[in-house]
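Residue-level structure breakdown
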Amino acid sequence: MSRQLIQHHRQEASEPRYRQLATILAQDIRSDHSAGDQLPSEQALAKRFEVNRHTVRRALDELVAAGMVTRHQGWGTQVVDRRLDYMVSAGSKVTHNLAELGHNTETRCLNQGLLRPPEAIAQRFELAEGECLLCVDTLRLVEGAPLLHLRHWFDATRVPDWCERYRGGSTRAVLDQHYGLRLSRAQVRLEAVQADRDDSRLLQCPQLAPLLILTSDNVDESRRLVEVSVSRARADRVAYHFDFPNER
């Protein structure tokens, strides 16, 4: 599609060219691409549409902001799945759920160590003044694109030597294998916020973009609190599906 066809998409010459191009690229993505596909390079798109690379870059910025693509340093521009439906139930596990949906996942450990939690979480654990929890920050990627930033707050007495054992991957698998803990959700809270600078960097979204925060109180078989997990997800990339058992 050339410059002449871009001109055809103008709305009385009032829409900037980069937005016209963004509209055309969005149509191409919906009709010809699937999640995980790589788009052509900026140089190739500029040649195809007979525009400069600055116009292409601004058009792609529009698609990033819309949640249709993500950018990776040294990797290019990748199409993402905007309608990932994630089921939340008492025993659901992030890695298992995503695998069942047919997605390739990776979980990176960003940081871990003892830290004083926010007061609301400290109260859940009935911590004394100055007591800390084990804080484990992870980043969940789906098809190579960041989806969730998770912060796990563990009762450190229940998971001794955690930092020597955990380097990434499913936290639930480590809890089961090394500590014999099979956790379930006792309470869930869902809220919406706007992305801050750290969210923008980790989740590759614009600042102030809408996020969904899911906070879970996770308990052992005796209903004792072991973990509070806080996940931050781009609202344009994930939809939470809550599954409640029938009560009779």
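The following refers to the structure shown.

The geometry of an aromatic ring pair is captured by two quantities: the separation of the ring centres and the angle between the planes. Under the counting rule described, the total for this entry stands at 3 aromatic pairs. Where phenylalanine 154 meets tryptophan 162, the ring centres are 5.0 Å apart and the plane angle is 40°; that geometry is what we call tilted. The burial state of phenylalanine 154 is the same as that of tryptophan 162; both residues are buried. By the ring-pair criterion, three or more aromatic residues cluster together here, those being Phe154, Trp162, Tyr166 and Tyr179. Sitting over the face of the ring of tyrosine 18, arginine 58 holds its NZ or CZ atom 3.9 Å from the ring centroid.

Here the focus is the pairing of strand 9 (residues 225-234). Taking burial as the measure, the 10 residues of strand 9 include 10 buried ones, the bulk of the element. The pairing of strand 8 (residues 210-219) with strand 9 spans 9 bridges and is antiparallel. When the bridges of strand 9 are listed, leucine 211 appears paired with arginine 234. Between strand 8 and strand 9, which pair antiparallel in sequence order, lie 5 residues; one of them, arginine 223, sits at a positive phi of approximately 70°.

Counting residues in hydrophobic clusters, the biggest one holds 19 residues, and the most contacted among them are Leu25, Leu63 and Val69. When contributions to this core are tallied by element, the ones reaching two or more residues are helix 2 (17-32), helix 3 (42-49) and helix 4 (53-65). Considering each element in turn, this core owes the most residues, 6 residues, to helix 2.

Here we take up helix 3. Every buried residue of helix 3 is listed here: Glu42, Leu45, Ala46 and Phe49. Seen end-on, helix 3 carries its buried residues on one side only, within an arc spanning 100°. Turned more than 90 degrees away from the buried face of helix 3, the exposed residues are Gln43 and Lys47. Phi turns positive, to about 60°, at glutamate 50, one or two residues after helix 3.

At glutamine 204, a residue that is not glycine, the phi angle is positive and equals roughly 55°. Taking the relative accessible area as the measure of exposure, glutamine 204 reaches 24% and is therefore partly exposed. Look at arginine 223: it is not a glycine, yet its phi comes out positive at around 70°. Its location among the elements puts arginine 223 in the loop between strand 8 and strand 9. Look at arginine 223 and you get exposed, because its relative accessible area is 53%.

The strand order 4-5-6-9-8-7 describes an open sheet built from 6 strands, whose pairing is antiparallel. Pairing within the sheet leaves two strands with one partner each, and these edge strands are strand 4 (105-115) and strand 7 (184-194). Averaged over all pairs of adjacent strands, the angle between strand axes in this sheet comes to 15°, irrespective of strand direction. Sheet topology places strand 5 (residues 133-142) next to strand 6 (residues 145-154); 9 bridges connect them, and they run antiparallel.

Cut-offs and rules
- Counting starts from 1 at the beginning of each chain's written sequence and moves along it residue by residue.
- Local features are withheld for residues below a pLDDT of 70 in this predicted model, meaning they are given only at 70 or higher, and side-chain atom pairs are given and counted only at 80 or more; totals for whole chains, interfaces and linings count all residues.
- Calculation of side-chain values draws on the structure's entire complement of heavy atoms; hydrogens and water are dropped beforehand.
- Only the six-membered ring of Trp is used, alongside the rings of Phe and Tyr, when aromatic pairs are assigned; centres must lie within 6.5 Å, and planes under 30 degrees apart are stacked while those over 60 apart are edge-to-face, with the rest tilted.
- Each residue gets one of three labels from its accessible area relative to the maximum for its type: buried under 20%, exposed over 50%, partly exposed in between, using a 1.4 Å probe on protein chains only.
- Here, over-ring charges are defined by two tests on the NZ atom of lysine or the CZ atom of arginine: distance to the ring centre within 6 Å, and angle to the ring normal within 35 degrees.
- Only runs of H or I of at least four residues qualify as helices and only runs of E of at least two qualify as strands under DSSP, and these elements are numbered from the N terminus.
- Following DSSP output, two strands are said to pair if at least two bridges run between them.
- Residue types Ala, Val, Leu, Ile, Met, Phe, Trp, Tyr and Cys, when buried and joined through side-chain atoms within 4.5 Å, form a set referred to as a nonpolar core.
- It is the directions from the helix axis to the C-beta atoms whose arc is reported.
- Angles shown run from 0 to 180 degrees and are taken between the N-to-C directions of axes, each axis being a line fitted to C-alpha atoms and, for helices, limited to the stretch in contact.

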